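# Per-entry structural report
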Amino acid sequence: MKEALEERFRSAIAGLLEERGDSGAPPAFAIEASRSPQYGDFACNAALVLGKRLGQPPRAIAERLAAEVRNASDWVERVEIAGPGFVNVWLRDSRWQDLLGTILEEGQRYGTSKVGARKRVQVEFVSANPTGPLTLGHGRQGVLGDCIARLLDATGHDVTREYYFNDGGRQMRVLGESVRARYLEQLGRAAAPPTQAFAAADSAWPVEIDGLPVVFPRDGYQGGYISEIADSLRREHGDGLADEPGDGVFRKTAEERIFSEIRKTLTELGIEFDVYSNETSLYEDGRIDATLRDLRVKGLVYEKDGAVWLRATDLGLDRDRVLVRKTGEPTYLLPDIAYHRQKFERGFDTVIDVQGADHIDQFPFVVAAVGALGVEADRVELVMHQFVTLTEAGRQVKQSTRRATYVTVDELISRVGVDVFRFFMVQRRAEGHLDFDLDLATETDWKKNPAYYIQYAHARTCGIERKALEQGVSLPDANSVGASALVLREEIEILKKVAEFPEVLARAGAAREPHHVSYYLRDLAGLWNPYLQDRTHHRIVSNEAELSRARLGLARAVRTVLANGLALLGVTAPEQM
C-alpha cells in the first residue's frame with residue numbers, strides 16, 4: 001500500500017522537476033502512516049524537501065502534488081494539505097478490502113520480502129564463556145540475536161548464526177582452579193574458605209584452616225555446579241587427580257559439561273546455531289600471529305613497559321590499548337580482532353555483533369583495527385543491549401554472577417515458560433534497561449499478561465474457525481472472501497493494521513530492532529480482541545452468508561499475521577488456551 005503511494009508521489013515529483021528543466025535525481029522524501037485518522041491514512045513531506053530546489057512555497061508545491069496524486073489514483077479517496085506543506089492522503093475502503101485476498105493467498109509468506117537479495121550476514125550472539133549457567137543478560141541476548149536472525153531470514157538474507165567463546169585466558173584458568181579446589185576439599189586435602197572471606201576484596205583471606213591449606217582462588221567461581229563437577233570427578237577418579245593442575249582435566253571437564261548445559265538451555269529456548277567457534281582455533285590456525293604481524297606492518301603496534309600495544313590513537317580513538325601483556329599472554333582484544341577479520345575472509349557481506357553493554361568499550365577498537373587491515377568499518381555492526389534486572393513483589397532480586405547467587409535462564413523458564421520468557425526479553429528496545437517483572441510474567445490472566453494477550457487473540461480466532469467448520473460453514477479463500485462486505489470503521493481499521501505488517505517487518509529487520517514486531521502485535525491484538533468481544537455488532541458467523549464469509553476472511557487474515565509475527569519472535573501461536 002505504502003509502496004504504491006510512494007510510486008505515485010515519485011511520478012508527480014518527476015513531472016514537477018521536468019517542468020523546471022531539472023534532470024537531477026528526485027530528492028528523498030518520506031511517507032508515514034498517520035497517527036490519527038483526522039490526518040488521513042498517510043502523510044508525505046515531499047513538498048517540504050522540494051521547496052528550496054523549486055524555489056516555490058512548500059504549500060504551493062503540495063497543491064500540485066496533491067492534484068497529481070488525486071487524479072492519477074482511482075484508489076485515493078481524498079487528499080488535503082496540512083501545516084507548512086504536508087500532503088495527507090485518505091485511501092478508499094476498497095483499497096484496504098482488496099488486501100484481504102492477498103493475505104489469504106500468501107499465508108505464511110505474507111510480510112516477507114527479498115530486499116536482502118541473499119546477502120550473506122553473520123549474526124554472532126550469546127557467545128558466553130562456559131564458566132557457568134546462562135544469566136538473564138545472556139538470555140536477553142540470545143532471544144534478541146535469534147529474533148534479528150529470523151527477521152533477516154524473512155527479508156531475504158542468507159543468515160549464519162554463530163556462537164564464539166573464549167576458551168583460553170584467565171577466566172578459564174580460574175574455572176579449572178575452582179573445580180580442582182572443590183575436588184581437594186571433598187577429598188579432605190584442602191579447607192574451604194569461609195563465606196565471609198568473599199565479602200570484599202580487602203577481606204582477610206585464610207591460607208590455612210585446621211591444618212589444611214585453602215587452595216580455592218579468591219576470585220573463583222562459587223556456584224554449586226562447581227562442586228557438582230568436582231564430585232563427579234572424585235567419583236570417577238577417586239584421589240587419582242590430586243596432583244593434577246587446575247588447567248588440565250579439571251578445566252577441560254568443567255568447560256565441556258558447562259557448555260553442554262548451555263546448549264541444552266539454548267535448545268529449550270528454540271535457539272540453534274549454525275557455527276560454534278572458539279579462541280583456541282584462532283591460535284591453532286595461526287590467525288593470532290598473522291593479525292599481530294599485519295598490524296606491525298601497518299605501523300600500528302609498539303612496545304612499552306614490556307607489553308605490546310595497539311596504536312589506536314592513530315586510528316582516531318582516544319587511547320591506545322594493550323594487545324599482549326608483558327607476561328606474553330594476549331588480551332581479549334587481539335583474538336577479537338583476528339576473529340572479526342576471519343569473519344570477512346569467510347565471505348560475509350555484513351557481520352552483526354549482539355553484545356551486552358559491558359562490551360561497548362571494546363567494540364570501537366576491534367572495528368578500527370579490522371578497518372586498518374582492509375575491512376570496511378560499516379560492514380561491522382553492533383547491536384548493544386542493556387542489562388536485565390528481575391523484580392518480584394515490587395523489589396529487585398539482587399544477583400551476583402561470580403558468587404552464582406543469580407537467577408539462571410533455566411530457573412526463570414521453569415517459572416514463566418519459554419513463550420513468556422522470549423516475549424518479555426524482546427518487548428523493549430535493546431538499548432534500554434529491561435526490568436523483568438516476574439509478577440506480570442507469571443500472571444495467567446490473558447488480559448494482563450502481554451504475551452498471553454496476543455496468543456489469546458490467535459487462539460480465539462482458531463476457535464472461531466473451528467466453530468464455523470462444525471456448523472458446516474467453509475472457510476473462504478482469496479477468491480471467495482468477498483471483502484467488500486467489511487464496511488464498519490473498526491473493520492477497516494483492522495485491515496489497515498494488517499496492511500502495516502510488511503513494512504513493520506522490513507523496518508524491524510533493517511534497524512535490527514525486533515521490538516517493533518512485539519509493539520505491532522500488541523496493537524493488532526488490541527484492535528482484534530475488543531472486536532471479538534462485541535458479539536452483537538461483530539458476530540463472525542451469522543445468517544448473512546456474504547458477511548459471514550467476509551468476516552471469516554478477516555479472522556483468517558488476522559490469525560495469519562499474528563502467527564507470522566509471533567514466529568518472528570520465536571513465540572508459539574497456540575490454537576487453544
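For the structure itself, consult the block above.
Now for a quick tour of the structure.

Cut-off values and rules
Residues numbered from 1 in each chain as written. Predicted model: local features only at pLDDT ≥ 70, side-chain atom pairs only at ≥ 80, totals over all residues. Heavy atoms only, no water. Core = buried A, V, L, I, M, F, W, Y, C linked by side-chain atoms within 4.5 Å. Buried < 20%, exposed > 50% of the residue type's maximum accessible area, 1.4 Å probe, protein only. Helix = DSSP H or I, 4+ residues; strand = E, 2+ residues; numbered from the N terminus. Pairing = 2+ DSSP bridges. Patch = residues over 30% accessible without salt bridge, like charges linked within 9 Å, V, L, I, M, F, W, Y side chains within 5 Å. Areas by Shrake-Rupley, 256 points an atom, 1.4 Å probe, with all protein chains shown as cover. Salt bridge = Lys/Arg side-chain N within 4 Å of Asp/Glu carboxyl O. Axes fitted to C-alpha atoms, helices over the stretch in contact; angles between N-to-C directions. Parallel < 35°, antiparallel > 145°, perpendicular 65-115°, else oblique. Left-handed = near helix turned anticlockwise from the far one by under 90°. Contact = heavy atoms within 4.5 Å. Right-handed = clockwise from strand over helix to strand, strands pointing away. Polar contact = N/O pair within 3.5 Å; in protein donor to acceptor, adjacent residues only side chain to side chain. Nonpolar A, V, L, I, M, F, W, Y, C, P; charged D, E, K, R; others polar.

## Things to note about the nonpolar core
- The biggest cluster of nonpolar side chains holds 138 residues, and the ones touching the most others in it are Phe9, Leu65, Phe421, Phe436 and Trp528.
- Ranked by the residues each element gives to this core, the list is headed by helix H20 (residues 545-568), at 11 residues.
- In terms of nonpolar packing, the next biggest core, distinct from the first, is built from 30 residues, Val301, Phe348, Phe365 and Val380 among them.

## Comments concerning the pairing of strand E4 (residues 86-91)
- Counting buried residues in E4 gives five out of six residues, a clear majority hidden from the surface.
- Examined bridge by bridge, strand E2 (residues 42-44) and E4 share three bridges and lie antiparallel to one another. Residue pairing in the sheet places phenylalanine 42 in a bridge with valine 89 of E4.

## Let's talk about a nonpolar patch on the surface
- On the surface, a cluster of nonpolar side chains totalling about 200 Å² of accessible area is made up of Leu48, Val49 and Phe86.
- Relative to the helices and strands, leucine 48 resides in helix H2 (residues 46-54).
- On the basis of relative accessible area, leucine 48 is assigned to the partly exposed category, the value being 31%.

## Some thoughts on the packing of helix H7 (residues 224-237) against helix H8 (residues 246-268)
- At a closest axis distance of 11 Å, the pairing of H7 and H8 adopts a crossing angle of 120°. With respect to H8, the element H7 is oriented oblique. By crossing handedness, the relation of H7 to H8 is classed as right-handed. Across from Tyr225, Ile229, Ser232, Leu233 and Glu236 in H7, the residues of H8 making contact are Phe250, Thr253, Ala254, Arg257 and Ile258.

## Quick look at the sheet that holds strand E12 (residues 321-324)
- The three strands lie next to each other as E10-E11-E12, forming an open sheet whose pairing is antiparallel. The outermost strands of the open sheet, each flanked by one partner alone, are strand E10 (301-304) and E12. Ignoring which end each strand starts from, the neighbouring axes of this sheet average 45° apart.
- Across four bridges, the pairing between E10 and strand E11 (residues 307-310) is antiparallel. Across the sheet, lysine 304 pairs through a bridge with alanine 307, a residue of E11.
- Against the sheet, helix H10 (residues 287-297) makes contact with E10, E11 and E12, and its axis sits at roughly 95° relative to E10, the strand it touches most.

## What to know about the pairing of strand E6 (residues 158-165)
- Of all eight residues in E6, seven are buried; the element is thus mostly enclosed.
- Taken together, the five bridges between strand E5 (residues 120-124) and E6 define a ladder with parallel strand orientation. Pairing of arginine 120 across the sheet is with aspartate 158, part of E6.
- Following the backbone out of E5, through helix H5 (residues 136-154) and into the adjacent parallel E6, one traces a crossover that is right-handed.
- Note that E6 and strand E9 (residues 275-278) share four bridges and pair parallel.

## Quick word on the environment of tyrosine 183
- With respect to the secondary-structure elements, tyrosine 183 resides in helix H6 (residues 170-186).
- Overall, tyrosine 183 belongs to the buried group, its relative accessible area being 0%.
- In the structure, tyrosine 183 is positioned 137 residues away from alanine 46 in sequence and 72 Å away in space, judged by C-alpha atoms.
- Dropping the residues within four chain positions of it, tyrosine 183 is found in contact with Ala230, Leu233, Arg234, Gly238, Asp239, Gly240, Leu241, Ala242 and Phe250.
- Within the structure, the side chain of tyrosine 183 is placed 3.0 Å from the backbone nitrogen of leucine 241, a separation counted as a polar contact.

## Overview of the packing of H5 against helix H18 (residues 501-511)
- Running from N to C, H5 and H18 point in directions that differ by 120°, and their axes come no closer than 9 Å. In this view, H5 runs oblique relative to H18, as classed from their interaxial angle. Between H5 and H18 the crossing geometry is left-handed. For the pair H5 and H18, the contacting residues are Leu151, Leu152 and Ala154 in the first and Leu505, Ala508 and Gly509 in the second.
- Of the residues assigned to the contact of H5 with H18, the class counts are five nonpolar, one polar and no charged.

## Concerning unusual backbone geometry
- At valine 126, a residue that is not glycine, the phi angle is positive and equals roughly 65°.
- Classification of valine 126 as buried rests on a relative accessible area of 4%.
- Phi angles above zero are rare outside glycine, and serine 127 is one such case at about 45°.
- Taking the relative accessible area as the measure of exposure, serine 127 reaches 18% and is therefore buried.

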